[in-house]
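# Tertiary structure, described
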Amino acid sequence: MANTVVNPTRMELTRLKGKLKTAQRGHKLLKDKRDELMKQFLDTVRELRSLRAQVEEELMRVHSSFTVASALMSAQAMEQALMYPKQSVELTMTFQNIMSVNVPVYHYQTRTDDTGDIFPYGFAATSGELDGAVAALGKVFQDMLKLAQTEKAAQLMAEEIEKTRRRVNALEYVVIPDTQDSIRYITMKLDENDRSTTTRLMKVKDMILKEAIEERQAQDARAVKAFGDSGEAPTEV
Amino acid sequence: MANSYQIAVLGDKDSVMGFKALGLTVFPVESVEQARSTLHHIAREDYAVVYLTEQLAAQMETDVARYKDELTPAIILIPGKEGSLGMGMENIKKSVERAVGADIL
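Residues numbered from 1 in each chain as written. Chains lettered and ligands numbered in written order. Predicted model: local features only at pLDDT ≥ 70, side-chain atom pairs only at ≥ 80, totals over all residues.

## Some thoughts on the overall build of chain A
For clarity, the threshold we go by: Working definition: helices are DSSP H or I runs of at least four residues, strands are E runs of at least two. Numbering for both runs from the N terminus. Between the two quantities, the radius of gyration covers C-alpha atoms and the globule rule is 2.2 Å times the number of residues to the power 0.38. Residue burial here comes from a neighbour count, namely the number of other C-beta atoms, placed from the backbone, that lie within 10 Å of the residue's own C-beta, with 20 or more meaning buried, 12 or fewer meaning exposed, and in between meaning partly exposed. Any two residues are considered in contact once their C-beta atoms, placed from the backbone, lie within 7 Å.
The secondary structure content of chain A amounts to three helices and two strands. Whereas a compact globule of 237 residues would reach a radius of gyration of roughly 18 Å, chain A reaches 44 Å, over 25% beyond that. Once the C-alpha set of chain A is aligned to its principal axes, its extents read approximately 155 × 30 × 25 Å. Among the 237 residues that make up chain A, the fraction classed as buried is 25%. Counting contacts in chain A only where the partners sit at least 6 residues apart, residues at least 24 apart contribute 82% of the total.

## Observations regarding the nonpolar core
Heads up, the rule is: Under the definition applied here, buried Ala, Val, Leu, Ile, Met, Phe, Trp, Tyr and Cys residues are grouped into a nonpolar core through C-beta atoms within 7 Å.
Of all hydrophobic cores here, the largest spans 50 residues; its most connected members are Val9, Leu10, Val49, Val50, Tyr51 and Ile76 of chain B. The dominant element in this core, judged by the number of residues it contributes, is helix α3 (residues 128-230) of chain A, at 10 residues. Setting aside anything within four residues of it in sequence, one finds leucine 10 of chain B in contact with Phe27, Val29, Ala35, Thr38, Leu39, Val50, Tyr51, Leu52 and Leu56 of chain B. Counting 15 residues, the second-largest nonpolar core is a separate cluster that includes Val45, Leu156 and Ala158 of chain A together with Val96 of chain B.

## Some details on the interface of chain B and chain A
Defined as follows: Gly is placed with the polar residues, together with every amino acid not listed as nonpolar (Ala, Val, Leu, Ile, Met, Phe, Trp, Tyr, Cys and Pro) or charged (Asp, Glu, Lys and Arg).
Of the residues lining the interface, 37 residues belong to chain B; the matching set on chain A comes to 46 residues. Per element, the largest residue contribution to the side of chain B that touches chain A is seven residues, and it comes from helix α5 (residues 87-100) of chain B. Along the lines of polarity and charge, the residues of the side of chain B that touches chain A split into 22 nonpolar, 10 polar and five charged.

## Here's the deal with helix α1 (residues 13-21) of chain B
A large share of α1 of chain B lies buried, amounting to seven of its nine residues. Taken residue by residue, α1 of chain B has Ser15, Val16, Met17, Gly18, Phe19, Lys20 and Ala21 of chain B as its buried positions. The elements touched by buried residues of α1 of chain B are α1 (10-72), α2 (75-83) and α3 of chain A together with β1 (4-11), β2 (25-28) and β3 (47-53) of chain B. Looking one or two residues beyond α1 of chain B, the residue adopting positive phi is glycine 23 of chain B, at roughly 90°.

Structure representation (structure tokens):
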């Protein structure tokens, strides 16, 4: 609390108690979310690491095949050979919901069904190395797509985890303690008010009693005096 | 939301030429400037995945980072012709650090 001023009223107290309850519940839920997300994220990352290592290695092999091919063929011939692709790829994207994080799932569709049928050129004018390179690339492509999916998922989850972690911390270290402080302050203030009211009432009661007693004593004194003066039995009043 | 998207490959000509045979959309670029503007152009179109060579990505990190939290496009680094710079692995490490607060793997 400290920096904010709260009205020490019963209504404010009820409001704060509600707020504390919500904050505590939210804190618990977010913490669970963070833990589960973290678990999923670490699984994804482990998969991603091995996938990436594999794809990078395979791609380097493909690149070296292409280099050999381009050494055996003229640049123009190679460009010409690859210029008009026979194959085309369409990607459809659906979403998977992992703990309220939407991660993409890619499905791809090729125009020709046969995955071996990807050579956009006749074999007569090209080097065999190029065939090997293209075929290898075709093979690594599936892994590349999987890599893309996993990596994007990891990125999105990392962002969400960061957000959730901050929320959890804000609730745990700021909102909840602040509210508890305010509640304590109001409770104490109200109790203090109660006590001071009681004390005041007791005091007032004392004063009234004292007054009454004094009055009575004065009356008695007057009565005794009147009796002494007349020397007779007191007449009925 | 199953729309159809395309896949782009962005990099120097020698590194990306092969992908053309697979039917991916290839954007051969010669300079970083060109790569930058092409990337932003691609991002506005229907491309779900962009493969970018590490050699280029090394020189345009801020541009790549902009799309990190977006659903599309997913920018995936691939080693170019000159070999891997280890940036892809580095990025994984960074996202772990971002999520956990420390590199725990």
